Amino acid sequence: MKLLTYKTETSESRLGFIHNNQVIDMEDFGEISNFPLPNDMLDLIDMGFEIIAEITELISETEEKFFEEISYELDEVTFLAPIEKPRKNIIGIGLNYTEHVAESARTLDTTGKLPAKPIIFSKPPTTVTATNTEIIKNTKLTSQLDWECELAVVISKKGKYVAKEDALDYVFGYTVINDISARDCRREGQWIVSKGQDTFAPMGPFLVTRDEIENPHNLNLSLKVNGIEKQNSNTKFLLFNINDLIEDLSIVFTLEPGDIIATGTPAGVGAGRNPQEFMHDGDVVEATVEGIGTIVNTVKEI
């Protein structure tokens with residue numbers, strides 16, 4: 001199921017899903033189905049992954065005429081981030097594609113050695129923004145604004161010491177994140193100032209439930225700046241795959257419903273190019289993950 005958070009000209013934030021290429025309001029669908037459903041993505045996730053099968057069954061049992069009054073065309077709504085306000089910091093994974101490890105070593109202060117364990121950092125909830133919004137480049141802080149297309153994993157249930165073979169059972173679904181990075185804002189090797197500025201986590205356009213993604217470890221991901229391709233790879237090249245990450249993270253701290261893991265970016269970032277390339281006022285960046293969609297953002301200098 002493709003889930004989204006959206007608004008219309010007359011409504012605030014709403015939860016919806018895609019049916020027959022239209023947006024169906026989740027709460028309204030619950031009313032016509034006599035099956036109460038929430039109006040917030042986190043509330044839906046809290047109901048457990050099993051709710052997706054129940055909703056899918058209800059959809060199949062509902063006559064198409066009943067969808068008419070609770071549906072919108074895609075161009076009638078404004079897409080918001082699937083999870084507008086995460087409860088906790090987004091969990092970021094650094095240097096998780098082999099070629100990105102190599103390019104980072106050439107131009108950044110990394111060693112070039114493949115990490116023995118996942119490199120973990122975080123991005124505050126205030127980094128989250130939606131597709132078709134502005135990425136704010138604070139020129140008082142950075143002149144080196146960079147892009148990083150990533151597959152993001154959304155956790156479905158509480159997990160501690162999760163075994164690798166059980167890890168995907170803890171996934172609710174997947175979305176796209178552009179892990180925007182200010183390369184000249186790292187402080188003594190720490191990344192949160194570089195990664196954690198407002199609007200530095202464009203996310204969306206959908207949250208696709210795990211049953212819709214046959215193999216999350218074989219998804220193409222790509223990124224364009226002003227229409228020119230900069231990144232093109234596949235999640236099969238992850239150094240630590242999703243199972244590895246969930247196992248490792250759940251040893252470090254308890255994973256909870258709605259937690260978001262940005263799994264890392266492949267080669268092709270601006271800092272790794274010769275000469276280096278960074279984003280400037282008016283640049284348009286598009287991040288795409290197969291089976292999920294594309295998020296588009298414009299850089300705004302302040």
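Note: the structure precedes this text.
Residues numbered from 1 in each chain as written. Predicted model: local features only at pLDDT ≥ 70, side-chain atom pairs only at ≥ 80, totals over all residues. Heavy atoms only, no water.

Attention shifts here to the pattern of salt bridges. Enumeration according to the criterion identifies 15 salt bridges in this entry. With its nearest N and O atoms 3.7 Å apart, the salt bridge here joins K65 to E63. We note a salt bridge from K123 to D179, for which the minimum N-O separation is 2.5 Å. Linking K123 in strand β7 (residues 119-123) with D179 in the loop between β12 (171-178) and β13 (181-182), this pair joins segments that are 56 residues apart in sequence. (Salt bridge = Lys/Arg side-chain N within 4 Å of Asp/Glu carboxyl O. Helix = DSSP H or I, 4+ residues; strand = E, 2+ residues; numbered from the N terminus.)

A few words now on the pairing of strand β1 (residues 2-7). Here β1 pairs with strand β14 (residues 201-209) via two bridges, running antiparallel. Across the sheet, residue K2 finds its bridge partner in β14, namely V208. Alignment of β1 against strand β2 (residues 14-19), held across four bridges, turns out to be antiparallel. Looking at the pairing, L4 lines up with G16 of β2. Here β1 folds back onto β2 in antiparallel fashion, the turn holding six residues. Pairing of β1 with strand β5 (residues 78-80), which is carried by three bridges, proceeds in the antiparallel orientation. Counterpart to T5 in the pairing with β5 is L80. (Pairing = 2+ DSSP bridges.)

This paragraph deals with a nonpolar patch on the surface. A grouping of I120, Y161, I251 and V252 is seen on the molecular surface, where their side chains present a nonpolar patch of about 400 Å² in accessible area. With respect to the helices and strands, the residue I120 is situated in strand β7. A relative accessible area of 33% means that I120 is categorised as partly exposed. (Patch = residues over 30% accessible without salt bridge, like charges linked within 9 Å, V, L, I, M, F, W, Y side chains within 5 Å. Areas by Shrake-Rupley, 256 points an atom, 1.4 Å probe, with all protein chains shown as cover. Buried < 20%, exposed > 50% of the residue type's maximum accessible area, 1.4 Å probe, protein only.)

Here G204 and P205 are connected by a cis peptide whose omega angle stands at -10 degrees. Looking at the element boundaries, P205 is found in strand β14. Between N274 and P275 the backbone carries a cis peptide bond, its omega angle lying at 0 degrees. Within the element layout of this structure, P275 appears in the loop between β17 (260-262) and β18 (284-289). With a phi angle near 50 degrees, N20 is a residue other than glycine that sits in the positive phi range. Mapped onto the elements, N20 comes out in the loop between β2 and β3 (22-25). N20 gets classed as exposed once you look at its relative accessible area, which sits at 54%.

The quantities given are spatial measurements derived from coordinates; they are silent on function.
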